[in-house]
Amino acid sequence: MNCGNCGSPDPCVPTIHVVDDDEAIRHSLAFLLKSLGVPVECHPSAEAFLAARKPGKPGCVVLDVRMPGMSGLELQALLNRAGETLGIVFLSGHGDIPMAVQAMSDGAVHFLEKPCNDEVLLEQVERALNRSRDICGRAAAAQAVQRRVDTLTQREKDVMALVVQGKPNKVIAFELDISIKTVEVHRAHVMEKMQADSVADLTRMLMATA
Amino acid sequence: MLLGRLLILVALCLLPVLARAEPSELRIGILAFRGAERAEAEWEPTLRHLGANLPEYALRAVPLDLDGLAGAVRDETVDFVITNPGHYVELEAAEGIIRIASLAASAETVTARNVASAVVVRASRTDLRRLADLRGTRLAAVAPEAFGGFRVAWREMAEIGIDPFDDTSGVDFLGFPIERVVEAVASGAADAGIVRACLLEQMAAEGKLRAEDFRVLDGRIPPGGGCLTSTRSYPDWPFAKLAHTPDALAKRVAVALLTMPVRDGHAWTVPVDYQPVHELFRALKIGPYEYLRHRSLGQMARDYWPFLAFAALAALWWLIHVARVEVLVRRRTEELKAAHEEARRRRDEMEHGARLALLGEMASSLAHEINQPLAAIANYANGCQRRLTAHTDPEGVAEGIGQIATQAERAAGIVRRMRAFVRKRVPEPHILDLNDPVREALGLFQAIAARRGVTVSAFLADGLGMVRADRVQMEQVVLNLLQNAADAMAGRDDRRITVSTWGDAERVRLSVADSGPGLSAEALAHLFEPFFTTKPEGLGLGLSLSRGFVEAHGGRLWAESGPDGACFHFTLPRLREDAS
C-alpha cells in the first residue's frame, strides 16, 4: 500500500515508518496512524526500511520485534550506531520482558504488546515524533548558527570568541594586539553577520552549536 | 367193463402203497467234482460191493455237484451220501447227516486221516522253502472250495498269518484236471501250486514228471506214513446216511462197507472224528462257521463291549473336544477382534495425541498467528473510530470496515485449519494431490517460521500426479518434518527450510531440507524409533508415526544428513491415470 510518502521541504517535518512483516498489521497500523496527520511509510522488513530511509530525517519507527531476516532489535542497534534520531516504538506479539528491557535501555520510546491500546500507541508515537522533531529543530538551529559562523573571517572569529567571554573592547585590543578601533569594527561585523541583537543573544546561539 | 374200471381204481389207490412197499431203489448221492462219469467210475467198486451185499435193493448212484448234493440232502431224494470231509461237515451241521464209514486210503493205512495238501514249487526256487515264504508269490490251485487242496493249505497259511487272497500276488484257480496246477508251477506261470498230497508221487510214478524237479514246502511225511505233505492231515471222505434213512438199513450198509475188500485203492473204515475239519472251518470262518464273518451287531457289541465302550468314550471325548475348541475359537476370535479394535482405538488416540503435541509445540506460534489479524482488526476499528469522531475521511472508514471483515475471516481460517488438524477422526485415504496437504502444512507452519526467523522456500511441482493418502496424516507428516527442521536450526544464524515436491511415473516425492547442523550417527540410527527424541518437550512419536503413515500408504520415509543440514524425504506410489 502506498502509505503516502509525502516529502517536505522542511527538513524537520517527520515521517512515521511502519516496519512489520505482516501485511495486514502494516496496513492497519498505517490506517490508524494516518489519523495523526503525519505522513506514514510502510516497510515489509528491516532491510527494506534501511534501503528506503533518508539519514537525518526526523520521524518515528513503529517496529515489529520478530521478523524474518533482521529483527527489530538488530535494526535498533544499527540505527543507534548510525546516530539516527528516529524515535522507536516497538510492537511485539509476545510479551517478552528481556527483549523489552533491552529495547528500552537502548533508547526505545516504548514497547507495546499487540494488539495494543490505540490511545497508548498514538500517544507514544506522538511523543517519539515530538522528540525527533525537537532534536531535528535543535540540529537545524545549530546548523544555521554554524553557517553564520562560517561567514566570519578568522580575526572576526577571534574577536567573537573573546566577546562571548564578556571581555571589554580594550582587553580584547590588548590581547589581540590590535587597536580598540579595529576591535569595534570587527565586533560590529560579527554582530551583523551572526544576526545577533546582543552579546547575550550571540552567546546563546554559540552554546547551541557546542 | 365195470370190473375193469374198478380194477383201475383199486390199482390207482394202491399205487402209493405199492411204491412205499417197494424199497428196491437205494439212492446214493455222490459228490462229483470232476464230472458224473468219473465219479461213477471212481465209486463203482463200492457200489458194486454194496449191491452184492444188499441184493434186495437196486442201488443207484446219483452224482451231483456241491450245491446239487446239498439240495438232494435237503429234499431227501437220496438215502446216503459220499462227499468230501468239508462238505460233510457242512451237511452234518445243516441237515443232520451222520457218517457211518470213512474212506481209508489203503488197506495198510486203515487210519482215515489221509487228506492233506502239498504246496509244490520248482526245486530251483531256493528262495521258497517254507509256507512262510509264500508271502507275495503267485499261487495256483484247483478251486477255492476244494477241501483237500486249497482249503487245507489255506488254514496252514492263515495260522502263520498269510491270507492267500491278500498277502500273495494272487491265486489262480485253474480247475480240473488237477495236473494243470503242477504244469503251471513247472512253466513258471505260478510260483507255487496247491495240490492234494500224493499227486506229485502219483504223477512221478506215472512218469509224467521227475520228482526231483519239485519240492514240497515244509514237506513232511505224516506219522502214519504216506506222501510228502505241507499240512496236517484230515479225515478222508465219509459215507453218511441221511436223517430219514432207517438205522437198520444204515447198519447193513455200514457192515457191508467195513467188510469191503480194498479195491482200486479204496477201503472203508470206522467213521472217524471230523473235529479237525470243524476246526479248519472255524479257523477259516467258512462253511458252517461263515457266520463268524458276518456277526450281528449285537454279537459284536457283546464280544467287543470294552472296545466299543472305549470307542464311544473316545468319540464322546472327541465331540466334547470339538465343541470346546469351537467355543474357544469363537471366544478367542471375539477377544482378538476386541483387541484389534482396542489397538486401532489406541493408535487413533496416539495419532491424535501426537497431533495435539505437535500443535502444542506450535501453540505460541499459532497464538501469534491468530493475534495478527486480531491486532489488525483492533487497529482498523480504532482508526475508523477516530475518523468518525473527527468527521473526516469517510472513504477511509469504509475501507477500514472492509479490512476488519477480511481480517476476521483470516483469523477464522486459522482456527478452522487448527481444528481440522486436531479433530478426532478415523483416517480415510483419498485420492489427492500431495501438494494440497503440503500447502496446508506450510500455512500452519508460516507463523512458526516467522516467529523463529526461518525462511521457508517451497518448490511444489505442477502435475505431480495423484496419490492415495489420508490428507490430515500427510499434513501431519509434513508439519512434523517442518517443525523438526525448525527445531534443529534453533540458535543458528542461517535458518532456511526448503520444501520441494516432484514426481516421476512411479512415485511422488517430497523433501524437506534444512540448514541445520545435520543429524548425529546416533540420531540417524534411532530417528524413527518411538519415543526417541532430542527435544526436551518432545514426545518422540512424530517421526515414528510419520513413517507409519507413509508406509501405510505404500511409501517410504527416510533421512539423509550432510554438512549443509538434514534432509528428510518421503515417497508415495503415484496412482496410474486410469485408477484416478
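As the structure is a computational prediction, the values presented were derived from the model and not from experiment.

**Student:** Outline the overall build of chain A, supporting the account with residue identities and numerical values.
**Tutor:** A tally of helices and strands in chain A yields nine helices and five strands. Counting helices and strands in the order they occur from the N terminus, chain A gives β-α-β-α-β-α-β-α-β-α-α-α-α-α. Burial analysis of chain A (210 residues in total) assigns 46% to the buried set. Here the contacts in chain A between residues at least 6 apart in sequence split such that 64% fall between residues at least 24 apart. Carbon together with sulfur atoms contributes 54% to the accessible area of chain A, which is approximately 10,000 Å² in total.

**Student:** Could you give me a rundown of the pattern of salt bridges, with the residues and numbers involved?
**Tutor:** Following the criterion strictly, the structure yields 38 salt bridges over all chains and no others. Here Arg53(A) and Glu84(A) are joined by a salt bridge, their closest N and O atoms 2.5 Å apart. One end of the pair, Arg53(A), is in the loop between α2 (46–52) and β3 (59–64); the other, Glu84(A), is in the loop between α3 (72–81) and β4 (87–92), and 31 residues separate them in sequence. Note on Arg53(A): relative accessible area 22%, which makes it partly exposed. Residues participating in the shared-partner salt-bridge network are Arg155(B), Glu156(B), Glu159(B), Arg232(B) and Glu279(B).

**Student:** Tell me what's going on with the packing of aromatic side chains, and back it up with residues and numbers.
**Tutor:** All chains considered together, the criterion is met by 14 aromatic pairs over all chains. Three or more aromatic residues joined by ring pairs form one cluster here, namely Trp43(B), Phe80(B), Trp237(B), Phe239(B) and Trp268(B). The ring of Phe31(A) carries Arg387(B) above its face, with NZ or CZ at 3.8 Å from the centroid. The side chain of Arg556(B) reaches across the aromatic face of Trp558(B), ending 4.2 Å from its centre.

**Student:** Could you give an account of the state of the cysteines, naming the residues involved and the relevant values?
**Tutor:** Residues and elements named next belong to chain B. Tallying each qualifying case throughout the model produces one disulfide over all chains. Put simply, Cys198 and Cys227 are joined by a disulfide, and their sulfur atoms are 1.8 Å apart. Since a negative S-S torsion denotes a left-handed disulfide, the Cys198-Cys227 link at about 95° is right-handed. Of this pair, Cys198 sits in the loop between β9 (192–196) and α7 (199–205) while Cys227 sits in the loop between β10 (214–216) and β11 (234–235); the two residues are 29 residues apart in sequence, bridging distant segments of the chain. A residue is classified by how much of its surface remains accessible, and Cys198, at 28% relative accessible area, is partly exposed.

**Student:** Any chance you could break down the environment of Arg556(B) for me, citing the residues and the numbers?
**Tutor:** Residue and element names in this part refer to chain B. For Arg556, the location among the structural elements is in strand β19 (residues 556–562). Residue Arg556 is classed as partly exposed on the basis of its relative accessible area of 48%. Those residues in contact with Arg556 that lie beyond four places of it in its chain are Val550, His569, Phe570 and Thr571.

**Student:** Lay out the sheet that holds strand β20 (residues 565–573) of chain B in plain terms, naming residues and giving numbers.
**Tutor:** All names here are of chain B. Read across the sheet, five strands follow the order β15-β17-β18-β20-β19 without closing on themselves; strand pairing throughout is mixed. The strands lining the two open edges of the sheet, one partner per strand, are β15 (455–460) and β19. Within the sheet, the average angular offset between the axes of one strand and its neighbour, ignoring direction, is 15°. Bridge analysis of strand β18 (residues 507–514) against β20 gives seven bridges, and the strand direction is antiparallel.

**Student:** Please provide a residue-by-residue account of the nonpolar core, values included.
**Tutor:** Residues and elements named next belong to chain B. Membership of the largest hydrophobic core comes to 68 residues, with the highest contact counts inside it found for Phe80, Phe239, Val253 and Trp268. Once you skip the residues sitting within four places of it in the chain, Phe239 turns out to touch Ile28, Leu50, Phe80, Val81, Ile82, Ile98, Arg99, Ile100, Ala101, Val253, Leu257 and Trp268. The next biggest cluster of nonpolar side chains, apart from the first, holds 52 residues, and it includes Leu434, Val438, Leu479 and Leu572.

**Student:** Please set out the sheet that holds strand β6 (residues 117–122) of chain B residue by residue, giving values where relevant.
**Tutor:** All names here are of chain B. The five strands are arranged β8-β7-β9-β6-β10 in an open sheet whose pairing can be described as mixed. Where the open sheet ends on each side, the last strands, each with one partner, are β8 (170–173) and β10. For this sheet, the mean inter-axis angle between neighbouring strands, taken without regard to orientation, is 30°. Bridging between β6 and β10 involves three bridges; their strand directions are antiparallel. By the bridge assignment for β10, Arg122 is matched with Phe214. Docked against the sheet, helix α5 (residues 147–159) engages β6, β7 (138–141), β8 and β9, running at close to 120° with respect to β9. Here helix α6 (residues 179–187) sits on the sheet in contact with β6, β7, β9 and β10, set at roughly 160° to β9.

Definitions and cut-offs
Along each chain, numbering runs from 1 in the same order as the chain's sequence is written. In the order they appear in the text, chains get letters beginning with A and ligands get numbers beginning with 1. Totals for whole chains, interfaces and linings use every residue, but because this is a predicted model, local features are given only for residues with pLDDT of at least 70 and side-chain atom pairs only at 80 or more, for both listing and counting. Side-chain measures were taken over the full set of non-hydrogen atoms in the model, leaving aside hydrogen atoms and water. Numbered from the N terminus, helices here are DSSP runs of H or I no shorter than four residues, and strands are runs of E no shorter than two. Only protein chains enter the calculation, and the probe is 1.4 Å; a residue is then buried if its accessible area is under 20% of its type maximum, exposed if over 50%, and partly exposed in between. Pairs of residues are marked as contacts when any of their non-hydrogen atoms sit within 4.5 Å. To measure how exposed things are, a 1.4 Å probe is used in the Shrake-Rupley method; for residues, cover is taken only from the protein chains shown. Note on definitions: salt bridges are taken to be side-chain nitrogens of Lys or Arg within 4 Å of carboxyl oxygens of Asp or Glu. Only rings of Phe, Tyr and Trp enter the pairing, Trp through its six-membered ring, and a pair is recorded when the two centres are within 6.5 Å. The plane angle decides the type: under 30 degrees is stacked, over 60 is edge-to-face, the rest tilted. Note on geometry: a ring has a charge over it if NZ (lysine) or CZ (arginine) is within 6 Å of the ring centre and within 35 degrees of the ring normal. In plain terms, two cysteine sulfur atoms within 2.5 Å form what is called a disulfide here. In this description, strands pair whenever DSSP reports at least two bridges between them. Every axis in this analysis is a line fitted to C-alpha atoms, fitted for helices over the stretch in contact. Angles between the N-to-C directions lie between 0 and 180 degrees. What we call a nonpolar core is a set of buried Ala, Val, Leu, Ile, Met, Phe, Trp, Tyr and Cys residues that are connected through their side-chain atoms within 4.5 Å.

Any functional reading would require information beyond the geometric quantities listed.
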